[in-house]
Amino acid sequence: MIRKISISDATVRLSSRTTAGALPFRISIEMAKLLDKLGVNAIEVCPVDGGRSDYLLVKSLAGTVGKAALVVPVDILD
């Protein structure tokens, strides 16, 4: 029997919800690159609420990450 373990990392998502504020854009990109190199299957990012900064971060991460999937929750309830 072959077993597969998928690894999901929520560091980028959780850091955006801290009281100290979100990670700087450049650090989020570098962290995603490192997680991708480590072989993480999915990288969770903060919910997209329609802001331009969220859009730019997700677009940049999608262009940066090669193997990992981006998990992007869409917050439509207000």
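The structure this text deals with has already been given above.
This report concerns the structure included in the present document. Please read all numbers here as calculations on a predicted model, not as lab measurements.

## A look at the overall build of the protein
Part 1 of the reasoning: Broken down by element type, the protein carries 3 helices and 3 strands.
Part 2 of the reasoning: Of the regular secondary structure in the protein, the N- to C-terminal order runs β-α-α-β-α-β.
Part 3 of the reasoning: Buried residues in the protein amount to 28% of all 78 residues.
Part 4 of the reasoning: Here the protein displays about 5,800 Å² of accessible surface, and carbon together with sulfur accounts for 58% of that area.

## Observations concerning helix α3 (residues 52-64)
Part 1 of the reasoning: Helix length check: α3 (13 residues) gives 18 Å between terminal C-alpha atoms against 18 Å at 1.5 Å per residue, within 8%.
Part 2 of the reasoning: Among the residues of α3, those classed as buried are Asp54, Leu57 and Leu61. Looking straight down α3, one finds its buried side chains confined to an arc of 65 degrees; they lie on one side. The outward face of α3, more than 90 degrees from its buried face, is lined by the exposed residues Arg52, Lys59 and Gly63.
Part 3 of the reasoning: Packing partners of the buried residues in α3 comprise α2 (25-38) and β3 (69-71).

## Comments concerning the nonpolar core
Part 1 of the reasoning: One finds Val12, Ile29, Ala32, Leu35, Val40, Ile43, Val45, Leu57, Leu61, Val65 and Ala68 forming the largest nonpolar core, which totals 11 residues.
Part 2 of the reasoning: The set of elements that each furnish at least two residues to this core consists of α2 and α3.
Part 3 of the reasoning: Per-element tally for this core: the top contributor is α2, with 3 residues.
Part 4 of the reasoning: Not counting residues within four places of it along the chain, the set of residues in contact with Val40 comprises Ile7, Ser8, Asp9, Leu35 and Ala68.

## Focus: the environment of Ser8
Part 1 of the reasoning: Inspection of the secondary structure assignment puts Ser8 in strand β1 (residues 8-9).
Part 2 of the reasoning: When the C-alpha positions of Ser8 and Ala68 are compared, they lie 9.1 Å apart, and in sequence the two are 60 residues distant.
Part 3 of the reasoning: Each residue touching Ser8, except ones within four places of it in the same chain, is listed here: Val40, Ala42 and Glu44.
Part 4 of the reasoning: A polar contact is formed between the side chain of Ser8 and the side chain of Glu44, at a distance of 2.8 Å.

## Focus: the sheet that holds β3
Backbone-to-backbone hydrogen bonds pair the strands of a sheet. The strands run either parallel or antiparallel.
Part 1 of the reasoning: Read from one edge of the open sheet, 3 strands run β1-β2-β3, paired in parallel fashion. Each edge of the sheet is formed by a strand with only one pairing partner; in this case those strands are β1 and β3.
Part 2 of the reasoning: Pairing between strand β2 (residues 42-44) and β3: 3 bridges, direction parallel. Bridging across to β3, Ile43 finds its partner in Leu70.

Parameters and conventions
- Residues numbered from 1 in each chain as written.
- Predicted model: local features only at pLDDT ≥ 70, side-chain atom pairs only at ≥ 80, totals over all residues.
- Heavy atoms only, no water.
- Helix = DSSP H or I, 4+ residues; strand = E, 2+ residues; numbered from the N terminus.
- Buried < 20%, exposed > 50% of the residue type's maximum accessible area, 1.4 Å probe, protein only.
- Areas by Shrake-Rupley, 256 points an atom, 1.4 Å probe, with all protein chains shown as cover.
- Expected span 1.5 Å × (residues − 1).
- Arc of directions from axis to C-beta.
- Contact = heavy atoms within 4.5 Å.
- Core = buried A, V, L, I, M, F, W, Y, C linked by side-chain atoms within 4.5 Å.
- Polar contact = N/O pair within 3.5 Å; in protein donor to acceptor, adjacent residues only side chain to side chain.
- Pairing = 2+ DSSP bridges.

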